[in-house]
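Notes for the structure review
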Amino acid sequence: MTTLDPPQAQVPLTEERRERLREMIADELDAAWLYDRLAGMSQPPQAQVLSRMSESELQHATHWVRLLGDERFPTELHRPSLRVRLMAFQARIWGLGFVISQLRREELVDIQKYVSDPDSGDLAEEEREHRATLAELAPQFGAVGAVGEGHAGVGADGASTFRAALFGLNDGIVSNLALIAGVAGVAIGSEAVLVAGIGGWLAGAFSMAAGEYISVRGQSEVLHRQIAMERDEVLLDPEEEKQELVAIYTAKGLSQGLAEQVAEELSANPESLIDTMVREELGLDPEHLGDPWKAAISSFGAFSVGALIPLIPFLVWHASGWTVDYWALITGVVASVVTLAVAGLFTSLVTSRNPLYAAARSVFVGMLAAGVTFGVGSLLPFDL
(Lines give C-alpha, C1' and ligand atoms only; values in the text may rest on other atoms or scores of the structure.)
Protein backbone atom coordinates (compact mmCIF):
# COMPACT_ATOMS: atom_id res chain seq x y z
CA MET A 1 0.00 0.00 0.00
CA THR A 2 1.20 3.47 -0.83
CA THR A 3 1.67 5.67 2.24
CA LEU A 4 2.52 9.32 2.44
CA ASP A 5 5.74 9.92 4.42
CA PRO A 6 5.64 12.67 5.44
CA PRO A 7 1.94 13.17 4.69
CA GLN A 8 1.44 15.41 1.68
CA ALA A 9 -2.26 16.20 1.52
CA GLN A 10 -3.45 17.25 -1.92
CA VAL A 11 -6.81 18.39 -0.55
CA PRO A 12 -6.55 21.34 1.91
CA LEU A 13 -7.03 20.24 5.51
CA THR A 14 -9.97 22.47 6.29
CA GLU A 15 -12.12 21.69 9.31
CA GLU A 16 -14.69 20.13 7.00
CA ARG A 17 -11.99 17.98 5.41
CA ARG A 18 -10.69 16.93 8.84
CA GLU A 19 -14.17 15.87 9.86
CA ARG A 20 -14.46 13.87 6.65
CA LEU A 21 -11.13 12.15 7.37
CA ARG A 22 -12.31 11.25 10.87
CA GLU A 23 -15.43 9.67 9.34
CA MET A 24 -13.29 7.61 6.95
CA ILE A 25 -11.06 6.51 9.83
CA ALA A 26 -14.14 5.39 11.77
CA ASP A 27 -15.44 3.51 8.71
CA GLU A 28 -12.14 1.69 8.24
CA LEU A 29 -11.94 0.81 11.94
CA ASP A 30 -15.52 -0.47 11.78
CA ALA A 31 -14.57 -2.69 8.84
CA ALA A 32 -11.44 -3.94 10.64
CA TRP A 33 -13.48 -4.80 13.74
CA LEU A 34 -16.14 -6.59 11.70
CA TYR A 35 -13.70 -8.67 9.66
CA ASP A 36 -11.90 -9.61 12.87
CA ARG A 37 -15.19 -10.79 14.42
CA LEU A 38 -16.11 -12.71 11.28
CA ALA A 39 -12.69 -14.37 11.33
CA GLY A 40 -13.49 -15.60 14.82
CA MET A 41 -16.64 -17.28 13.49
CA SER A 42 -14.87 -19.01 10.58
CA GLN A 43 -12.80 -22.11 9.97
CA PRO A 44 -8.99 -21.62 9.87
CA PRO A 45 -8.53 -21.15 6.09
CA GLN A 46 -11.27 -18.52 5.83
CA ALA A 47 -10.34 -17.03 9.19
CA GLN A 48 -6.82 -16.31 7.96
CA VAL A 49 -8.16 -14.49 4.89
CA LEU A 50 -10.59 -12.43 6.97
CA SER A 51 -7.86 -11.61 9.50
CA ARG A 52 -5.65 -10.29 6.70
CA MET A 53 -8.53 -8.17 5.49
CA SER A 54 -8.97 -6.83 9.01
CA GLU A 55 -5.29 -5.90 9.15
CA SER A 56 -5.57 -4.24 5.75
CA GLU A 57 -8.50 -2.11 6.96
CA LEU A 58 -6.41 -1.07 9.97
CA GLN A 59 -3.67 0.04 7.58
CA HIS A 60 -6.24 2.04 5.65
CA ALA A 61 -7.26 3.75 8.88
CA THR A 62 -3.59 4.48 9.60
CA HIS A 63 -3.27 6.05 6.15
CA TRP A 64 -5.99 8.57 6.97
CA VAL A 65 -4.67 9.10 10.51
CA ARG A 66 -1.25 10.06 9.13
CA LEU A 67 -2.86 12.32 6.56
CA LEU A 68 -4.83 13.95 9.34
CA GLY A 69 -1.50 14.72 10.98
CA ASP A 70 -2.24 13.13 14.32
CA GLU A 71 -0.13 10.03 14.99
CA ARG A 72 -1.81 9.74 18.39
CA PHE A 73 -5.29 9.28 16.97
CA PRO A 74 -6.87 6.84 19.46
CA THR A 75 -7.70 4.04 17.03
CA GLU A 76 -7.46 1.51 19.86
CA LEU A 77 -10.28 3.34 21.68
CA HIS A 78 -12.64 3.18 18.71
CA ARG A 79 -16.10 1.86 19.56
CA PRO A 80 -17.68 -0.11 16.70
CA SER A 81 -20.86 1.43 15.34
CA LEU A 82 -24.25 -0.10 15.97
CA ARG A 83 -24.48 -0.96 12.26
CA VAL A 84 -21.47 -3.28 12.23
CA ARG A 85 -22.47 -4.79 15.57
CA LEU A 86 -25.81 -5.72 14.04
CA MET A 87 -24.05 -7.21 11.01
CA ALA A 88 -21.85 -9.32 13.30
CA PHE A 89 -24.95 -10.45 15.19
CA GLN A 90 -26.63 -11.41 11.92
CA ALA A 91 -23.59 -13.40 10.85
CA ARG A 92 -23.45 -15.23 14.18
CA ILE A 93 -27.15 -16.14 14.09
CA TRP A 94 -27.68 -16.90 10.39
CA GLY A 95 -24.15 -17.53 9.14
CA LEU A 96 -21.56 -15.52 7.25
CA GLY A 97 -23.20 -16.30 3.92
CA PHE A 98 -26.07 -14.11 5.04
CA VAL A 99 -23.96 -10.93 5.12
CA ILE A 100 -21.56 -11.54 2.21
CA SER A 101 -23.56 -9.56 -0.34
CA GLN A 102 -23.91 -6.67 2.09
CA LEU A 103 -20.15 -6.70 2.77
CA ARG A 104 -19.49 -6.52 -0.95
CA ARG A 105 -21.80 -3.51 -1.20
CA GLU A 106 -19.91 -1.87 1.66
CA GLU A 107 -16.63 -2.40 -0.19
CA LEU A 108 -18.17 -0.95 -3.36
CA VAL A 109 -19.12 2.20 -1.42
CA ASP A 110 -15.51 2.51 -0.24
CA ILE A 111 -14.26 2.11 -3.81
CA GLN A 112 -16.56 4.90 -4.96
CA LYS A 113 -15.32 7.17 -2.17
CA TYR A 114 -11.64 6.54 -2.77
CA VAL A 115 -11.68 6.69 -6.56
CA SER A 116 -12.70 10.34 -6.33
CA ASP A 117 -10.34 11.23 -3.46
CA PRO A 118 -6.90 12.52 -4.54
CA ASP A 119 -5.38 11.55 -1.18
CA SER A 120 -6.51 7.91 -1.23
CA GLY A 121 -3.37 6.47 -2.80
CA ASP A 122 -3.90 2.77 -3.61
CA LEU A 123 -6.86 2.33 -1.29
CA ALA A 124 -9.46 2.05 -4.05
CA GLU A 125 -7.53 -0.79 -5.67
CA GLU A 126 -7.15 -2.58 -2.34
CA GLU A 127 -10.88 -2.29 -1.69
CA ARG A 128 -11.44 -3.88 -5.11
CA GLU A 129 -9.23 -6.75 -3.98
CA HIS A 130 -11.30 -7.08 -0.81
CA ARG A 131 -14.48 -7.21 -2.86
CA ALA A 132 -13.02 -9.90 -5.13
CA THR A 133 -11.88 -11.87 -2.07
CA LEU A 134 -15.39 -11.76 -0.63
CA ALA A 135 -16.72 -13.10 -3.95
CA GLU A 136 -14.28 -16.00 -3.69
CA LEU A 137 -15.29 -16.68 -0.08
CA ALA A 138 -19.02 -16.48 -0.80
CA PRO A 139 -19.54 -20.12 -1.95
CA GLN A 140 -17.58 -21.38 1.07
CA PHE A 141 -20.05 -19.62 3.37
CA GLY A 142 -23.10 -20.88 1.50
CA ALA A 143 -23.74 -17.74 -0.56
CA VAL A 144 -23.26 -17.70 -4.31
CA GLY A 145 -21.18 -14.70 -5.19
CA ALA A 146 -18.01 -15.80 -6.92
CA VAL A 147 -17.15 -14.46 -10.33
CA GLY A 148 -19.33 -16.13 -12.95
CA GLU A 149 -21.84 -17.42 -10.43
CA GLY A 150 -24.00 -14.35 -10.13
CA HIS A 151 -25.35 -12.76 -6.99
CA ALA A 152 -28.23 -15.02 -6.14
CA GLY A 153 -28.03 -18.01 -3.89
CA VAL A 154 -28.41 -18.96 -0.28
CA GLY A 155 -27.24 -15.62 0.97
CA ALA A 156 -29.39 -13.63 -1.42
CA ASP A 157 -32.44 -15.81 -0.85
CA GLY A 158 -31.87 -15.56 2.90
CA ALA A 159 -31.64 -11.80 2.69
CA SER A 160 -34.87 -11.69 0.65
CA THR A 161 -36.67 -13.84 3.22
CA PHE A 162 -35.23 -11.69 5.99
CA ARG A 163 -36.59 -8.52 4.37
CA ALA A 164 -40.04 -10.08 3.91
CA ALA A 165 -40.08 -11.24 7.53
CA LEU A 166 -39.11 -7.79 8.81
CA PHE A 167 -41.74 -5.97 6.78
CA GLY A 168 -44.39 -8.55 7.66
CA LEU A 169 -43.53 -8.19 11.33
CA ASN A 170 -43.87 -4.41 11.11
CA ASP A 171 -47.20 -4.68 9.30
CA GLY A 172 -48.56 -7.06 11.92
CA ILE A 173 -47.56 -4.89 14.88
CA VAL A 174 -48.72 -1.58 13.44
CA SER A 175 -52.04 -2.75 12.00
CA ASN A 176 -53.14 -4.82 15.02
CA LEU A 177 -51.88 -2.32 17.58
CA ALA A 178 -53.83 0.41 15.78
CA LEU A 179 -56.96 -1.77 15.70
CA ILE A 180 -56.67 -2.74 19.37
CA ALA A 181 -56.01 0.87 20.40
CA GLY A 182 -58.99 2.08 18.38
CA VAL A 183 -61.40 -0.38 20.01
CA ALA A 184 -59.81 0.25 23.43
CA GLY A 185 -60.60 3.92 22.98
CA VAL A 186 -64.29 2.99 22.72
CA ALA A 187 -64.47 0.31 25.45
CA ILE A 188 -61.25 -0.64 27.19
CA GLY A 189 -62.96 -2.97 29.70
CA SER A 190 -64.99 -4.85 27.12
CA GLU A 191 -64.14 -8.18 25.56
CA ALA A 192 -64.62 -6.40 22.25
CA VAL A 193 -60.96 -5.37 22.46
CA LEU A 194 -59.87 -9.00 22.68
CA VAL A 195 -62.23 -10.04 19.88
CA ALA A 196 -60.97 -7.19 17.70
CA GLY A 197 -57.34 -8.11 18.38
CA ILE A 198 -57.88 -11.79 17.53
CA GLY A 199 -59.93 -10.88 14.48
CA GLY A 200 -57.33 -8.37 13.32
CA TRP A 201 -54.57 -10.95 13.71
CA LEU A 202 -56.33 -13.74 11.79
CA ALA A 203 -57.87 -11.50 9.13
CA GLY A 204 -54.60 -9.69 8.52
CA ALA A 205 -52.47 -12.85 8.48
CA PHE A 206 -54.77 -14.74 6.09
CA SER A 207 -55.19 -11.66 3.93
CA MET A 208 -51.42 -11.18 3.71
CA ALA A 209 -50.88 -14.87 2.94
CA ALA A 210 -53.62 -14.98 0.30
CA GLY A 211 -52.44 -11.77 -1.32
CA GLU A 212 -48.84 -12.93 -1.39
CA TYR A 213 -49.81 -16.33 -2.79
CA ILE A 214 -51.92 -14.83 -5.58
CA SER A 215 -49.29 -12.21 -6.38
CA VAL A 216 -46.36 -14.62 -6.56
CA ARG A 217 -48.41 -17.31 -8.32
CA GLY A 218 -49.60 -14.84 -10.96
CA GLN A 219 -46.13 -13.44 -11.46
CA SER A 220 -44.66 -16.94 -11.71
CA GLU A 221 -47.24 -17.97 -14.32
CA VAL A 222 -46.50 -14.88 -16.40
CA LEU A 223 -42.76 -15.50 -16.21
CA HIS A 224 -43.13 -19.18 -17.10
CA ARG A 225 -45.25 -18.17 -20.08
CA GLN A 226 -42.57 -15.73 -21.23
CA ILE A 227 -39.93 -18.44 -20.93
CA ALA A 228 -42.10 -20.87 -22.91
CA MET A 229 -42.55 -18.29 -25.66
CA GLU A 230 -38.80 -17.68 -25.76
CA ARG A 231 -38.21 -21.44 -26.02
CA ASP A 232 -40.62 -21.63 -28.98
CA GLU A 233 -38.87 -18.74 -30.71
CA VAL A 234 -35.45 -20.37 -30.30
CA LEU A 235 -36.65 -23.76 -31.54
CA LEU A 236 -38.69 -22.38 -34.46
CA ASP A 237 -36.42 -19.57 -35.61
CA PRO A 238 -32.94 -20.03 -34.09
CA GLU A 239 -31.27 -17.77 -36.66
CA GLU A 240 -33.36 -14.74 -35.69
CA GLU A 241 -32.72 -15.40 -31.99
CA LYS A 242 -29.01 -15.67 -32.70
CA GLN A 243 -29.08 -12.26 -34.38
CA GLU A 244 -30.97 -10.83 -31.39
CA LEU A 245 -28.24 -12.19 -29.11
CA VAL A 246 -25.58 -10.57 -31.31
CA ALA A 247 -27.43 -7.24 -31.00
CA ILE A 248 -27.62 -7.62 -27.21
CA TYR A 249 -23.90 -8.29 -26.87
CA THR A 250 -22.85 -5.50 -29.23
CA ALA A 251 -25.07 -3.11 -27.25
CA LYS A 252 -23.17 -4.21 -24.14
CA GLY A 253 -19.87 -3.25 -25.74
CA LEU A 254 -18.59 -6.40 -27.45
CA SER A 255 -17.18 -6.06 -30.94
CA GLN A 256 -19.34 -7.32 -33.79
CA GLY A 257 -16.97 -10.21 -34.50
CA LEU A 258 -16.76 -11.35 -30.88
CA ALA A 259 -20.53 -11.03 -30.39
CA GLU A 260 -21.14 -13.18 -33.48
CA GLN A 261 -18.61 -15.77 -32.29
CA VAL A 262 -20.24 -16.02 -28.83
CA ALA A 263 -23.73 -16.25 -30.34
CA GLU A 264 -22.57 -18.91 -32.81
CA GLU A 265 -21.07 -21.09 -30.06
CA LEU A 266 -24.16 -20.75 -27.86
CA SER A 267 -26.42 -21.61 -30.79
CA ALA A 268 -24.72 -24.98 -31.15
CA ASN A 269 -26.73 -26.09 -28.09
CA PRO A 270 -30.42 -25.02 -28.22
CA GLU A 271 -30.81 -25.35 -24.44
CA SER A 272 -27.85 -23.04 -23.86
CA LEU A 273 -29.28 -20.53 -26.31
CA ILE A 274 -32.70 -20.69 -24.62
CA ASP A 275 -31.17 -20.18 -21.18
CA THR A 276 -29.02 -17.28 -22.41
CA MET A 277 -31.93 -15.55 -24.18
CA VAL A 278 -34.12 -15.90 -21.09
CA ARG A 279 -31.43 -14.28 -18.96
CA GLU A 280 -30.19 -11.66 -21.45
CA GLU A 281 -33.39 -10.67 -23.28
CA LEU A 282 -36.00 -11.22 -20.57
CA GLY A 283 -33.73 -10.54 -17.60
CA LEU A 284 -35.02 -13.61 -15.75
CA ASP A 285 -33.34 -16.33 -13.72
CA PRO A 286 -35.28 -19.53 -14.48
CA GLU A 287 -34.21 -21.03 -11.16
CA HIS A 288 -35.58 -18.17 -9.05
CA LEU A 289 -39.10 -17.36 -10.24
CA GLY A 290 -40.69 -17.39 -6.79
CA ASP A 291 -42.47 -20.03 -4.70
CA PRO A 292 -46.07 -18.92 -3.93
CA TRP A 293 -46.52 -21.33 -1.01
CA LYS A 294 -43.26 -20.27 0.59
CA ALA A 295 -44.22 -16.62 0.15
CA ALA A 296 -47.70 -17.20 1.63
CA ILE A 297 -46.47 -19.17 4.64
CA SER A 298 -43.68 -16.71 5.44
CA SER A 299 -46.08 -13.76 5.14
CA PHE A 300 -48.62 -15.47 7.42
CA GLY A 301 -45.94 -16.28 9.99
CA ALA A 302 -44.28 -12.87 9.99
CA PHE A 303 -47.59 -10.98 10.23
CA SER A 304 -48.84 -13.30 13.00
CA VAL A 305 -45.76 -12.76 15.13
CA GLY A 306 -46.16 -9.01 14.81
CA ALA A 307 -49.92 -9.01 15.38
CA LEU A 308 -49.60 -11.11 18.55
CA ILE A 309 -47.19 -8.67 20.22
CA PRO A 310 -49.86 -6.08 21.23
CA LEU A 311 -52.51 -8.80 21.67
CA ILE A 312 -50.69 -11.06 24.15
CA PRO A 313 -51.18 -8.74 27.20
CA PHE A 314 -54.95 -8.80 26.63
CA LEU A 315 -54.89 -12.61 26.34
CA VAL A 316 -52.89 -12.84 29.58
CA TRP A 317 -55.23 -10.45 31.39
CA HIS A 318 -58.26 -12.38 30.19
CA ALA A 319 -56.81 -15.83 31.01
CA SER A 320 -55.82 -14.63 34.49
CA GLY A 321 -59.29 -13.36 35.24
CA TRP A 322 -58.05 -9.79 35.65
CA THR A 323 -60.08 -6.81 34.62
CA VAL A 324 -58.88 -5.76 31.18
CA ASP A 325 -57.89 -2.13 31.69
CA TYR A 326 -55.43 0.43 30.40
CA TRP A 327 -52.51 -1.49 31.94
CA ALA A 328 -53.04 -4.21 29.34
CA LEU A 329 -53.00 -1.57 26.61
CA ILE A 330 -49.90 0.11 28.06
CA THR A 331 -48.10 -3.25 28.28
CA GLY A 332 -49.03 -3.99 24.68
CA VAL A 333 -47.80 -0.58 23.56
CA VAL A 334 -44.48 -0.97 25.40
CA ALA A 335 -43.94 -4.45 23.94
CA SER A 336 -44.78 -3.10 20.49
CA VAL A 337 -42.39 -0.17 20.87
CA VAL A 338 -39.53 -2.48 21.84
CA THR A 339 -40.25 -4.87 18.98
CA LEU A 340 -40.64 -2.07 16.45
CA ALA A 341 -37.34 -0.56 17.58
CA VAL A 342 -35.51 -3.89 17.22
CA ALA A 343 -37.13 -4.49 13.83
CA GLY A 344 -36.12 -0.98 12.77
CA LEU A 345 -32.52 -1.65 13.77
CA PHE A 346 -32.39 -4.73 11.58
CA THR A 347 -34.27 -3.00 8.77
CA SER A 348 -31.39 -0.52 8.61
CA LEU A 349 -29.15 -3.37 7.45
CA VAL A 350 -31.38 -3.75 4.40
CA THR A 351 -31.93 -0.05 3.70
CA SER A 352 -28.43 1.16 4.75
CA ARG A 353 -30.10 3.86 6.88
CA ASN A 354 -28.69 4.94 10.22
CA PRO A 355 -29.83 2.22 12.69
CA LEU A 356 -31.10 4.68 15.29
CA TYR A 357 -32.98 6.65 12.64
CA ALA A 358 -34.56 3.47 11.27
CA ALA A 359 -35.58 2.36 14.78
CA ALA A 360 -37.01 5.78 15.67
CA ARG A 361 -38.94 5.98 12.39
CA SER A 362 -40.41 2.51 12.90
CA VAL A 363 -41.53 3.37 16.43
CA PHE A 364 -42.89 6.79 15.41
CA VAL A 365 -45.03 5.40 12.59
CA GLY A 366 -46.40 2.63 14.80
CA MET A 367 -47.20 4.94 17.69
CA LEU A 368 -48.72 7.56 15.39
CA ALA A 369 -51.11 4.98 13.92
CA ALA A 370 -52.03 3.68 17.38
CA GLY A 371 -52.44 7.16 18.80
CA VAL A 372 -54.69 8.37 15.99
CA THR A 373 -56.96 5.31 16.10
CA PHE A 374 -57.14 5.44 19.91
CA GLY A 375 -58.12 9.10 19.69
CA VAL A 376 -60.77 8.41 17.09
CA GLY A 377 -62.12 5.52 19.16
CA SER A 378 -62.28 7.70 22.25
CA LEU A 379 -64.40 10.27 20.39
CA LEU A 380 -66.93 7.79 19.03
CA PRO A 381 -70.34 8.03 20.78
CA PHE A 382 -70.67 4.29 21.30
CA ASP A 383 -71.04 2.28 24.50
CA LEU A 384 -69.89 -1.34 24.18
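In case you missed it, the structure is sitting above this.
Here we summarise the structure given alongside this text.

Here is what the cut-offs are and how they apply
Residues numbered from 1 in each chain as written. Predicted model: local features only at pLDDT ≥ 70, side-chain atom pairs only at ≥ 80, totals over all residues. Heavy atoms only, no water. Salt bridge = Lys/Arg side-chain N within 4 Å of Asp/Glu carboxyl O. Helix = DSSP H or I, 4+ residues; strand = E, 2+ residues; numbered from the N terminus. Buried < 20%, exposed > 50% of the residue type's maximum accessible area, 1.4 Å probe, protein only. Contact = heavy atoms within 4.5 Å. Patch = residues over 30% accessible without salt bridge, like charges linked within 9 Å, V, L, I, M, F, W, Y side chains within 5 Å. Areas by Shrake-Rupley, 256 points an atom, 1.4 Å probe, with all protein chains shown as cover. Lys, Arg positive; Asp, Glu negative; His and termini not counted. Charge placed at Lys NZ, Arg CZ, Asp CG, Glu CD. Phe/Tyr/Trp six-rings, centres within 6.5 Å; stacked < 30°, edge-to-face > 60°.

**A word on the pattern of salt bridges**
Under the criterion given, the structure shown has 15 salt bridges. Among the salt bridges present, the one from Glu19 reaches Arg22, with a minimum N-O distance of 3.6 Å. Highlighted residues: Glu19 and Arg22, both in helix α1 (residues 15–40), separated by three residues, approximately one helical turn. Classification of Glu19 as partly exposed rests on a relative accessible area of 40%. Take Arg22: its relative accessible area is 31%, and that puts it in the partly exposed class. As a salt-bridge pair, Glu280 and Lys252 come within 2.4 Å of each other at their nearest N and O atoms. Within this pair, whereas Glu280 is found in helix α10 (residues 270–280), its partner Lys252 is found in the loop between α8 (238–251) and α9 (256–267), the two being separated by 28 residues in sequence. The class for Lys252 is exposed, based on a relative accessible area of 54%.

**Digging into the environment of Gly185**
Looking at the element boundaries, Gly185 is found in helix α6 (residues 154–187). Taking the C-alpha atoms as reference points, Gly185 and Phe374, 189 residues apart in sequence, are found 4.9 Å from one another. Contacts of Gly185, omitting those with residues within four sequence positions, involve Phe374, Gly377 and Ser378.

**Here's the deal with a negative patch on the surface**
On the surface, Asp232, Glu233, Asp237, Glu240 and Glu281 cluster together into a patch of negative charge. Inspection of the secondary structure puts Glu240 in helix α8. Overall, the relative accessible area of 43% leaves Glu240 in the partly exposed class.

**A short note on the packing of aromatic side chains**
With the rule as written, the count across this model stands at six aromatic pairs. Here Trp317 and Trp322 contribute two aromatic rings whose centre-to-centre distance is 5.3 Å and whose plane-to-plane angle is 90°, an arrangement assigned as edge-to-face. Among the residues examined, Trp317 registers a relative accessible area of 14% and is labelled buried. Arranged with centres 6.3 Å apart and planes meeting at 75°, the rings of Tyr326 and Phe374 form a pair that is edge-to-face. Taken as a pair, Tyr326 in helix α12 (residues 326–351) and Phe374 in helix α13 (residues 355–379) lie far apart in primary sequence, 48 residues in all. The class for Phe374 is partly exposed, based on a relative accessible area of 26%.

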